[in-house]
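# A structural walkthrough
Residue-level listing of the chains:
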Amino acid sequence: MVASNPKTLYDKVFEDHIVHKDESGSYLLYIDRHLVHEVTSPQAFEGLKNAGRIVRRKDCTLATVDHNIPTVSRKTFKNVSTFIDQDDSRLQVETLEQNVKDFDVTYFGMDDGRQGIVHVIGPEQGFTLPGTTVVCGDSHTSTHGAFGSLAFGIGTSEVEHVLATQTIIQAKSKNMRITIDGDLSEGITSKDLVLHVIGVIGTAGGTGCVIEFAGKAIENLSMEARMSICNMSIEGGARAGMIKPDQTTFDYIKGRPLAPKGAEWDKALAYWKTLHSDEGAYFDYDIKIAASDIVPTITWGNSPQDALPISARVPDPANVSDPIKKAGMERALKYQGLTPNIKLVDIKIDKAFIGSCTNSRIEDLRAAAKVARGHKKADNVKLVLVVPGSGLIKAQAEKEGLDKIFEAAGFSWREAGCSMCLGMNPDILDPEERCASTSNRNFEGRQGARSRTHLMSPAMAAAAAIKGHFTDIRDYDYVNHDEPAVHIENEEEDKALQDAVYEHEKEIIEDTPGTEAERLNDIPKSSEPASKKSKVDSTAGGMDAFTVLTGITAPLEKANVDTDAIIPKQFLKTIKRTGLKSGLFYEARYTKDPETGKDVETDFILNVGQYRKAEILLVTGDNFGCGSSREHAPWALKDFGIKCMIAPSFGDIFYNNSCKNGLLPIRLPQEVIADKLYPVVKAGYQLTVDLPKQEIRHGETDEVLVDNFEIEEFRKHCLVNGLDDIGLTLQKEEFIQKYEAIRRDKFSFLEGGSKLIKPVKGAKKSVYGLKAQEW
Ligand SMILES: CC(C)[C@H](C(=O)O)[C@@H](O)C(=O)O
Ligand code: SF4
C-alpha cells in the first residue's frame, strides 16, 4: 500500500522524538538512550555539578569504561587505582567512577563481567532498541543505527546537555539511501562491504545526511554484521547510519536483559514493524551498488576512503591530476612507507589487531578463529592482539574454545576494551610498525606515533597474521577446509550468547534486594525539573559571543583533516577543557630531535611568523574536522587563539562542537575559497568575519569578499549572543514534560531502561568471580 505522505525510516524516528520546534526551524529532540564513557564525560559532569544540575533520566543513561583501560588479564584486579599504571588514564577512569556514584548512574566498571566497548554493550544488553534515539560522546554511536534507531555521536557540551535535559538540539539531516542489490559473494563480509561503500562515496560523501542501508545484501546480514556497517557510516561522513528493523533484529533483541517483556514486547513489536521507509519516500541521494562488485577490501592510506580490492596494487600519484589529491596521496604513501604499484598482497605486516567496536563481536571472533585454527602466526609478526568487545563476548568465546585456538596460533587473548584501536591505553604500535587491523580508522598516528594502519575484516587480519603479509582470503588454506572451525548452527549461536547474558543475570539476581516495582520507583513518575536551581541561569555554561572579528588568517592547504590530527589521542586524557594549546596539530607541528628526544617545531603554518597569532583558519580542502567526536578539537583550536574556521565542508560533529564553544565554522564553496579568499590570505592580509551581516571582508580595505555566507538562524543567534543552550532548553521544561507524559504511554516499553539492570545495590558476585556494582 502506498502511504499518502510517504516517509523515510529516518523521518519517522525523528518525528516521533520532536519535543519542540522553534521559529528558526531548529528542533529539540528527546533522547531515549544515552551511553557514557570516561573520555568525553568528565567535563560534562563537572558542568552539571557547577550549575547544581542533576541527571534528568538516570534510567536512560548507562556508563562504562573502555578507552583507557589496559586489556591484560584482570585476575589480579582489585581496583582501578592499583590496576591502571598510566596516571592520566587512571584519573579519567576514577573520575567516571566518582561521577556515576555522585549522579547515581548505572555503570559497568572493570570489575563487572558486562563491561565492554560502549557500542558493544548497549545492543548486548537490549538497551539499544529499534526506533529509539541513541547518543554518546563518541562518533561510533552510529553503530546502534543497525537496529533502526537514530543514533549519533555528540561532543562533551552535548553530553552535558543530554544529561541535564534528556534532549538535544538538532537540525534535520538529509536522507541518503545506499542500496546493495543482490547477494554478496562467498567469503565477503560486512567490513568489505562498508569499506567498499566508503571507497565509492568518499569520507565526505555522507556529510549532512543520515544514510539508510537497504537491499537484499543488507537484509541477509546478521545483526553483528549490520552493526559493523552502521559503525563505519561515520567514516563516510554521515550523521548516522540506519537499517530498518526486521525479524533478524527482533530475534536478536528478544530475551536480552533490558528488552521489553510480555505485553510490552508485543506493543513494542507492533511499533517496530512500522519502522521502514514507505514506498515513494523521498531520498535526497539514492545510491545503488551491486553486491557482486564487492570483493575483499583493505585500505592502503590514511583515510578510510583509501580502500582497494586486496588484489589491487598500491596507487601511483603519477596518475592523479588534481593537485590536492596528488599531494595527499604522496604524503600518505610516504607516511605509510609504501612504494607505488607494488601488489597489496606483497606488503608485510608487523602486528595484527582483531577488535574494536567495528569487529569485536562473537561472529568476528569466530571468523578470525576459523582462519587461525591449526596455524601459527608468521615469524615476522611480533604481536597479534585479539580483544573481545565485552566481558560477555569474552566468556562466550571461551565457552566455544576460541581462546584456545588463538593461543595455539600464538595470538594474544585479551580482556574487553578499545585496545589498539586508538592507543589511549598500553596497546600501541611502535613508530613505523604496520598493522593489519579490524578497527575503523587508519589516520596518521592513530594506533601510536608514526604507526601504519590498514583496515580490513577479521578473517583478513587473521590471515595476514598467519601469512605475515596481506592475503586474499579467497586464496587462504583453511585447515580442514570443508570443516569449519566452529560448529554451531546459526540459531544455536544466538542462543548461546543469550544464555551467557542470562546466566550472568541469574547469578546476580539472587542477591538483589527489592522487587522490580521498587527499583522502578527510582524513575521519576512525573518528571522533576532537571535543575535544583529554582531559576534557570541561561548563561551557566558561559559561552563566548562571536560578532565581528578581524584577525590573522592562516591558510591550510589540506583535505580530510581529521580530529585525530587536530588533537591526537594522548591529549584526550584530560578532565579539563583548557590547556590543550600545545597538543593542537601536535604531529604536524612538532618532530622529535633525534639526539635529545625533545619536541622541535616544524615549519607547519601555525609555527611560522605572524601565523603563530592566527585567529582564523582558511582550509582549502574539504571535510575539515572529520572523524572522532572529541570536543578537544575545538577546545585546542580555541586555546591556541583560533576563533573561526573557513572550509568547503566540515565533519558534522566537529561543526556542532565548534558552535557550542563560541567558534564559528563557515562553509563556503571550494571555488569561492580558492578565488576570493586564498589569494588575499596568501598575500598575508587579515580577514574580517562579520557574523551579524554574514559577510567576509578584506581585513585592510574592507572590500566585501563573500556576502551572505550560510549559517542556521539558531546557531547564529546563540553565537552572536554567547548563549549556552542548556539554559535555553531548560526554559522549555513544559514541552519536555509534555513529551515525557506521551512517551510514558505510547512508548511505555522504553521506561525503566538501565535502572532495570540488576543489581544496582547489594550484588555479591558476578559469574566471573568479580564483584559487581555496589551502589
Ligand atoms: C574518544 C572518542 C571521542 C572518539 C570518537 O568519538 O570516536 C574515539 O572513540 C575514537 O574512536 O576516536
Ligand atoms: S572506534 Fe575504537 S576507540 Fe572509538 S569507541 Fe570504537 S573501539 Fe573505542
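Computed from a prediction, not measured in an experiment: that's the story for all the values here.

### Quick look at the overall build of the chain
What the chain contains, in helices and strands, is 26 helices and 29 strands. Among the 775 residues that make up the chain, the fraction classed as buried is 62%. Sequence separation of at least 24 residues holds for 77% of the intrachain contacts in the chain that already meet a minimum separation of 6. Carbon and sulfur atoms form 49% of the exposed surface of the chain, whose accessible area is close to 28300 Å².

### Description of the nonpolar core
In terms of nonpolar packing, the biggest core is built from 112 residues, with Phe411, Phe585, Phe624 and Ile646 touching the most fellow members. With 8 residues, helix H16 (residues 458-467) is the largest single contributor of residues to this core. Two domains each donate at least three residues to this core, and these are domain 1 (301-318 + 333-489) and domain 2 (548-723). The contact partners of Ile646, leaving out residues within four places of it in the chain, are Ile616, Leu617, Leu618, Val619, Ile666, Leu668, Ile673, Leu677, Leu687 and Ile696. Grouped together as the second largest cluster of nonpolar side chains are 95 residues, Tyr27, Val80, Met110 and Val135 included.

### Quick word on helix H11 (residues 262-272)
Taken together, the buried positions of H11 are occupied by Trp265, Ala268, Leu269, Tyr271 and Trp272. End-on view of H11: buried residues confined to an arc of 160 degrees, all on one side of the axis. In H11, the exposed positions that point more than 90 degrees away from the buried face belong to Ala263 and Asp266. On its buried side, H11 packs onto helix H10 (247-253).

### Observations concerning the packing of helix H21 (residues 632-640) against helix H22 (residues 652-660)
One way to put it is that H21 packs onto H22 with a least axis distance of 8 Å and a crossing angle of 50 degrees. Regarding the angle of H21 to H22, the classification is oblique. Our pair here, H21 against H22, has a crossing hand that is right-handed. Of the residues in H22, those in contact with Ala633, Pro634 and Leu637 of H21 are Phe654, Asn657 and Ser658.

### Structural notes on the site of ligand 2
Taken together, His67, His119, Asp138, His140, Ser356, Cys357, Cys418, Cys421, Leu422, Asn440 and Arg446 make up all the residues around ligand 2. Here the shell around ligand 2 is composed, by residue class, of 4 nonpolar, 5 polar and 2 charged.

### Looking at the pairing of strand E16 (residues 383-386)
The sheet contact formed by strand E15 (residues 351-354) and E16 spans 4 bridges and is parallel. The residue of E16 that forms the bridge with Lys351 is Leu383. For the crossover from E15 across helix H13 (residues 362-372) to E16, the handedness is right-handed. Inspection of the sheet shows E16 paired to strand E17 (residues 412-413) by 2 bridges, in the parallel sense. Bridge pairing links Leu385 to Ser412 in E17.

### Quick notes on the sheet that holds strand E27 (residues 687-690)
One open sheet accounts for 4 strands, arranged E20-E27-E28-E29; its pairing is antiparallel. At either end of the open sheet lies a strand with only one pairing partner, and these are strand E20 (548-551) and strand E29 (704-707). Here the average twist between neighbouring strands, direction ignored, is 15 degrees. With 4 bridges joining them, E20 and E27 adopt antiparallel strand pairing. Across the sheet, residue Gly551 finds its bridge partner in E27, namely Leu687. Here helix H23 (residues 670-682) sits on the sheet and contacts E27, strand E28 (695-698) and E29; the angle it forms with E29, its principal contact strand, is near 145 degrees.

### Section: the site of ligand 1
Near ligand 1 you find Val39, Thr40, His67, Asp138, Ser139, His140, Leu422, Arg441, Arg446, Ser628, Ser629 and Arg630, and these make up its full shell. At 2.7 Å, a side-chain N or O of Asp138 approaches an oxygen atom of ligand 1. Burial of ligand 1 by the surrounding chains reaches 97%, relative to a free accessible area of 310 Å². For the shell around ligand 1, the class distribution of residues is 2 nonpolar, 6 polar and 4 charged. Per-domain counts for the shell around ligand 1 show at least three residues from each of domain 1 (301-318 + 333-489) and domain 2 (548-723).

### With respect to the packing of aromatic side chains
Within the structure shown, the criterion is met by 22 aromatic pairs. On the basis of an interplanar angle of 20 degrees and a centroid distance of 6.0 Å, the ring pair of Phe250 and Trp272 is categorised as stacked. In this pair, Phe250 is assigned in helix H10 and Trp272 in helix H11, connecting sequence segments 22 residues apart. Residue Phe250 is classed as buried on the basis of its relative accessible area of 4%.

### Topic: the domain arrangement of the chain
What the domain assignment reports for the chain is domain 1 (301-318 + 333-489) and domain 2 (548-723). Each partner contributes to the interface: domain 1 provides 10 residues, whereas domain 2 provides 10 residues. At the boundary of domain 1 with domain 2, total buried surface from both sides reaches about 910 Å², with 53% on carbon and sulfur atoms. There are 1 salt bridge connecting domain 1 and domain 2. Notably, a salt bridge pairs Asp564 with Arg446, separated by 3.1 Å at the nearest N-O pair.

### Some words on the environment of Ile84
Here Ile84 is to be found in the loop between helix H3 (80-83) and helix H4 (87-103). For Ile84, the residues in contact, after removing those within four places along its chain, are Ile69, Pro70, Ser89, Arg90, Val93 and Met110.

### Some remarks on the state of the cysteines
Per the counting criterion, the structure on display carries 0 disulfides. Unpaired in terms of disulfides, Cys230 finds its nearest cysteine sulfur in Cys357, a separation of 12 Å.

### Thoughts on the pattern of salt bridges
Inspection of every chain in the model, using the stated rule, returns 45 salt bridges. The closest approach of N and O atoms between Asp32 and Arg743, which form a salt bridge, is 2.9 Å. Of the two residues, Asp32 sits in the loop between strand E2 (27-30) and strand E3 (33-36) while Arg743 sits in helix H26 (residues 733-746), which places them 711 residues apart along the sequence. Each of the two residues, Asp32 as well as Arg743, counts as buried. A salt bridge links Arg177 to Asp286; the nearest nitrogen and oxygen atoms lie 2.9 Å apart. Placement of the pair is Arg177 in strand E9 (residues 174-181) and Asp286 in strand E12 (residues 285-290), with a sequence separation of 109 residues. Judged by relative accessible area, Arg177 falls into the partly exposed class, the value being 23%. Through salt bridges with shared partners, a single network forms among Asp32, Arg56, Arg57, Asp59, Glu733, Glu740, Arg743 and Glu751.

Reading guide: rules and limits
- For every chain, the first residue of the written sequence is number 1, and numbering continues from 1 onward in sequence order.
- Labels follow written order: the first chain is A, the first ligand is 1, and so on.
- Only residues with pLDDT of at least 70 get local features here, since the model is predicted, and only at 80 or more are side-chain atom pairs given and counted; chain-wide, interface and lining totals rely on the full set of residues.
- For the side-chain quantities, the full set of heavy atoms in the structure was used; hydrogens and water were omitted.
- Secondary structure elements follow DSSP: runs of H or I no shorter than four residues count as helices, runs of E no shorter than two count as strands, and numbering proceeds from the N terminus.
- Only protein chains enter the calculation, and the probe is 1.4 Å; a residue is then buried if its accessible area is under 20% of its type maximum, exposed if over 50%, and partly exposed in between.
- Here, residues are in contact when the closest pair of their heavy atoms is within 4.5 Å.
- Every accessible area reported is derived by Shrake-Rupley at a probe size of 1.4 Å, with residue values counting cover from the shown protein chains alone.
- Buried residues of nine kinds, namely Ala, Val, Leu, Ile, Met, Phe, Trp, Tyr and Cys, make up a nonpolar core once their side-chain atoms join them within 4.5 Å.
- An automatic or database domain assignment is the source of the domain bounds shown.
- To be clear, the arc concerns the directions from the helix axis to the C-beta atoms.
- Fitting a line to C-alpha atoms yields each axis, with helices limited to the stretch in contact; the angle taken between N-to-C directions then spans 0 to 180 degrees.
- Here the angle decides the label: under 35 degrees means roughly parallel, over 145 means roughly antiparallel, 65 to 115 means roughly perpendicular, and every other value means oblique.
- Handedness of a crossing follows from how the near helix is turned relative to the far one, being left-handed for an anticlockwise turn of less than a right angle and right-handed for a clockwise one.
- For this purpose, a residue is taken to be near a molecule or strand whenever a single non-hydrogen atom of the residue falls within 4 Å of it.
- In this count, Pro and Cys sit with the nonpolar residues alongside Ala, Val, Leu, Ile, Met, Phe, Trp and Tyr, while Asp, Glu, Lys and Arg are called charged and the others, Gly among them, polar.
- Strand pairing follows a simple DSSP-based rule, namely that at least 2 bridges must link the two strands.
- Throughout, right-handed denotes a crossover for which the path from the first strand over the helix to the second runs clockwise when the strands point away from the viewer.
- Think of a polar contact as two N or O atoms within 3.5 Å of one another; within protein, one of them needs to be a possible hydrogen donor and the other a possible acceptor, and neighboring residues in sequence only count if both atoms come from side chains.
- Ring pairs shown here join Phe, Tyr and Trp side chains whose ring centres sit within 6.5 Å, with only the six-membered ring taken for Trp; geometry is labelled stacked below 30 degrees between planes, edge-to-face above 60, and tilted in between.
- Two parts lose some accessible area (1.4 Å probe) when they are put together, and adding that loss for both gives the buried area.
- When a carboxyl oxygen of Asp or Glu is within 4 Å of a side-chain nitrogen of Lys or Arg, the pair counts as a salt bridge.
- When the sulfur atoms of two cysteines come within 2.5 Å, that pair is taken as a disulfide.

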